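# Structural overview
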Amino acid sequence: MTVVAAYLYRHGQRVREVSIDEKIDSPNDRSEFVWIGICDPTDDEMATLAKHYGFHPLAVEDAVNADQLPKVDVYGDQLFVVARTAQLEGDRIVYAETAIFVGHSHIISVRHGSARAHKVLRAELEAAPTLLIHGVDYVLHAVLDFIVDGYLPLIETIEDGVLTMEQTALDGFLGRDEVMRIFTLRRELIKFQRILGPMGEVAGKMTRLDLPCIDKEAKHYFSDVLDHVRRVQTRVDGLREVLTSVFELSALLEQQRTGAITRQLASWAAILAVPTAIAGIYGMNFEHMPELTTRYGYFVVLAVIAAICTLLYARFKRVGWL
């Protein structure tokens, strides 16, 4: 286990570093609590934390396995919250899990696989102790808000790529790789929506329900998290529609280009059919054929061919086939 940070806070200020074997219990002072951040703990190490802070066995099991969708569980006077982080690697969204144990005098975050540590968040809160002084529920809000805010750069990056593909579709053909990318992004966004839904439910429960360790005044802050989740959901829905539109636009333009080429080929085929037919008739070499002995027959035939081909060309040009 990597203990990223473990500190005791009192009245919004960091007091001292604490050990994971040390339990801090201040039920009468909301401003005094322990905030511990750990990463990828083992079963034995989680058992040590569970023993000192009274974690429920089911919560410990979920925190160790790290395969849960976002949720909120109540165990006595403690909360167990699971959130999913997301980051973009190429065209794929990679997920990680953050489990959070919340008691009246402690908040312990257990991260699995997430590249976004809470070091920056902790520094920001310590620099503005007006929230820390209120207790663990405000720290929980800050952690959830930090996770949800991490979704926005991901969506913005995908949006930039989609806009580029849209312009490519307008300027020319979408290649096989770009078409495959469209379907990959749509699949990733569908999976992402399966995370956003439960994340919205987590923030909604924090806002609506009376939960242990959550003060009524803190519910307004969780409403802000819910708004952020809904904003991301709206942008994801829009992105899926744009991706569908880009694919349909590319297919439509492809059909139009194919139709234009087909009309051009048909036009030239009709024009070339005239000399081909006339030359074919007079190339049969029968002894008795009309006009074979005409002095200027050759030039007349060439003139007729040229006139008919010119007429056909002008006609096709007028209707836009050439």
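Preceding this paragraph is the structure being described.
The model shown is predicted, which means the values in this text are computed figures rather than measured ones.

About the cut-offs
- Residues numbered from 1 in each chain as written.
- Predicted model: local features only at pLDDT ≥ 70, side-chain atom pairs only at ≥ 80, totals over all residues.
- Heavy atoms only, no water.
- Core = buried A, V, L, I, M, F, W, Y, C linked by side-chain atoms within 4.5 Å.
- Buried < 20%, exposed > 50% of the residue type's maximum accessible area, 1.4 Å probe, protein only.
- Contact = heavy atoms within 4.5 Å.
- Pairing = 2+ DSSP bridges.
- Helix = DSSP H or I, 4+ residues; strand = E, 2+ residues; numbered from the N terminus.
- Axes fitted to C-alpha atoms, helices over the stretch in contact; angles between N-to-C directions.
- Parallel < 35°, antiparallel > 145°, perpendicular 65-115°, else oblique.
- Left-handed = near helix turned anticlockwise from the far one by under 90°.
- Salt bridge = Lys/Arg side-chain N within 4 Å of Asp/Glu carboxyl O.
- Polar contact = N/O pair within 3.5 Å; in protein donor to acceptor, adjacent residues only side chain to side chain.

## Looking at the nonpolar core
- Of all hydrophobic cores here, the largest spans 58 residues; its most connected members are Ile107, Leu140, Leu144, Tyr151, Phe192 and Met206.
- In this view, Ile107 contacts Phe33, Val34, Trp35, Ile36, Ile100, Phe101, Val102, Val136, Val139 and Leu140; residues no more than four positions away in its chain are not counted.
- Residues Ile20, Val34, Met46 and Ala59 belong to the second largest nonpolar core, which totals 22 residues.

## Quick notes on the sheet that holds strand β7 (residues 106–112)
- With mixed pairing, the seven strands of this open sheet are ordered in space as β2-β1-β3-β7-β6-β5-β4. Every other strand in the sheet has two partners, leaving β2 (13–17) and β4 (71–75) as the edge strands with one partner each. Neighbour-to-neighbour, the strand axes of this sheet turn through a mean angle of 20 degrees, independent of strand direction.
- In this structure, strand β3 (residues 33–39) lies alongside β7, joined through six bridges in parallel fashion. Looking at the pairing, Val34 lines up with His106 of β7.
- Relative to strand β6 (residues 92–103), helix α5 (residues 136–149) is tilted by about 180 degrees, and along the sheet it contacts β3, β5 (78–89), β6 and β7.
- Along the sheet, helix α6 (residues 151–171) contacts β5 and β6; its crossing angle with β5, the most-contacted strand, is approximately 25 degrees.

## Observations regarding the packing of α6 against helix α7 (residues 176–208)
- Between α6 and α7, the least distance of the axes is 12 Å, while the angle of their chain directions is 155 degrees. What the angle tells us is that α6 and α7 run roughly antiparallel. Crossing hand, α6 versus α7: left-handed. Contacts from Tyr151, Leu154, Ile155, Ile158, Gly161, Val162, Met165 and Thr168 in α6 reach Glu178, Arg181, Ile182, Leu185, Leu189, Phe192, Ile195, Leu196 and Met199 in α7.

## Remarks on the pattern of salt bridges
- Taken as a whole and judged by the stated rule, the model has seven salt bridges.
- In this structure, Arg181 engages Asp91 in a salt bridge whose closest nitrogen and oxygen atoms are separated by 3.1 Å. Here Arg181 is found in helix α7, whereas its partner Asp91 is found in the loop between β5 and β6, with 90 residues between them in sequence.
- Given the relative accessible area of 29%, Arg181 is considered partly exposed.
- A salt bridge links Arg92 to Glu188; the nearest nitrogen and oxygen atoms lie 3.3 Å apart. You can see Arg92 sitting in strand β6 and its partner Glu188 sitting in helix α7, a full 96 residues away along the chain.
- The partly exposed category is assigned to Arg92, whose relative accessible area is 43%.
- Taken together, the shared-partner salt bridges connect Asp62, Lys71 and Asp73 into one network.

## Topic: the side chain of Asp145
- Along the polypeptide, Asp145 turns up in helix α5.
- A polar side-chain atom of Asp145 sits 3.0 Å from a polar atom in the side chain of His228.
- The residues contacting Asp145, other than those within four sequence positions of it, are Asp224, Val225 and His228.

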